[in-house]
Amino acid sequence: MSLVMMLVVAVYVVAGNLAGGAGQGSVGLAKGAVPAAYKTLVQQWGNLCSALNPALLAAQLYQESGWDPDVVSAADARGIAQFIPSTWATHGIDGNGDGKRDIWDPDDAIPSAASYDCELAQYVKDVPGDVTDNMLAAYNAGAYRVIKAGGVPDIPETQNYVKTIRTLEKSFAAPVGRVDATRQAAGAISFAQGKLGTPYLWGGNGTADQGGRFDCSGLTKAAYESVGITLPRVANDQYNAGPHPARDELLPGDLVFFSDDLTNSRAIRHVGIYVGGGYMIDAPKTGAVIRFDPIDTSDYFGATRVTEDGAKALPTDV
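Analysis parameters
Residues numbered from 1 in each chain as written. Predicted model: local features only at pLDDT ≥ 70, side-chain atom pairs only at ≥ 80, totals over all residues. Heavy atoms only, no water. Pairing = 2+ DSSP bridges. Helix = DSSP H or I, 4+ residues; strand = E, 2+ residues; numbered from the N terminus. Axes fitted to C-alpha atoms, helices over the stretch in contact; angles between N-to-C directions. Patch = residues over 30% accessible without salt bridge, like charges linked within 9 Å, V, L, I, M, F, W, Y side chains within 5 Å. Areas by Shrake-Rupley, 256 points an atom, 1.4 Å probe, with all protein chains shown as cover. Salt bridge = Lys/Arg side-chain N within 4 Å of Asp/Glu carboxyl O. Buried < 20%, exposed > 50% of the residue type's maximum accessible area, 1.4 Å probe, protein only.

Some remarks on the sheet that holds strand 2 (residues 268-276)
Strands sit in the order 4-3-2-1-5 across an open sheet of five strands; the sheet is antiparallel. The outermost strands of the open sheet, each flanked by one partner alone, are strand 4 (291-294) and strand 5 (300-304). On average, adjacent strands in this sheet sit at an angle of 40 degrees to one another, irrespective of strand direction. Sheet topology note: the strand 1 (residues 255-259)/strand 5 ladder contains four bridges and is antiparallel.

Laid out in structure tokens, this is it:
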């Protein structure tokens, strides 16, 4: 641990006693949900204060940047934690102790996001309501607005920011018990079964001009869209559409994912719909048709139980 980190942790020992927050030292991260390069940082700094936890910090970083350390927003927010330079100037820290505060370096930006969150939690600790919700609202709208409003302010963007991250938190957290089934699962399976034998098409969304053909994530997106749930277009974002049941807890309708890198959900390259008995319906590859395939292969990554709120929290553009 760097000297800077030890000092920051010491500063927030008091903040760690905040009541009503989400932070828990026992909160684990779902398998591969955080890219391996950042997992240790997120787990470590996500326990900085009791208003924070690793899954919440992961959800916030995913919402801000999609784990892209080089992204720049239209508002000139920069890097994996999307700090505006003026905010970075006052709240950025040297997380890795190398003598520099680099807005582009995740080793600085992730610790800075956590320490800024906890600083905001201190500012709003006496505001009515959930301290974690108020902390997130302060991150988005500023602590003054949260204090003045007596809670999350009546600003649609801020309210959506809080709801989105609290929902995504469930996707980044390792489940502590069995995950509830969704009522839409049977309808999604029924849709996929109706497409058995359809030839695969890379980039296929099942449109008439494509001959009703799909690729893997196009099929899963269409299947859940048929029951009123809109998923993102690509498989590695679909992974975040809900919590992640263990292999022995799979239920029909769960999305199952495959990757050549089992430590990083951003590297997922294939998805199917579990139907039970160790099999899925999927659109496998060029030259094949939509079919039943086994899921127990060396590249099996994990599963997601799709929820309406989880899907709504995700980006839906191509």
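We are not done yet, so read on.
Some remarks on a nonpolar patch on the surface
On the surface, a cluster of nonpolar side chains totalling about 280 Å² of accessible area is made up of L196, Y279 and F292. Here F292 lies in strand 4. Among the residues examined, F292 registers a relative accessible area of 41% and is labelled partly exposed.

Observations regarding the pairing of strand 2
With five bridges connecting them, strand 1 and strand 2 associate as antiparallel partners. Its bridge partner being in strand 2, F257 is matched across the sheet by V271. Pairing of strand 2 with strand 3 (residues 279-282) involves three bridges; the strand directions are antiparallel. Each residue of the ladder has a partner; that of Y274, found in strand 3, is M280. As consecutive antiparallel partners, strand 2 and strand 3 are separated by two residues, and within that stretch G277 has a phi angle of approximately 65 degrees, a positive value.

A word on unusual backbone geometry
Here D76, not a glycine, exhibits a phi torsion of approximately 70 degrees, which is positive. Note that D76 resides in the loop between helix 3 (54-65) and helix 4 (85-91). Using a relative accessible area of 31% as the deciding quantity, one classes D76 as partly exposed. Phi at Q82 is positive, roughly 55 degrees, even though this residue is not glycine. Residue classification places Q82 among the buried positions, given a relative accessible area of 10%.

Quick word on the pairing of strand 3
Across four bridges, the pairing between strand 3 and strand 4 is antiparallel. Bridging from a neighbouring strand, Y279 pairs with P294 of strand 4.

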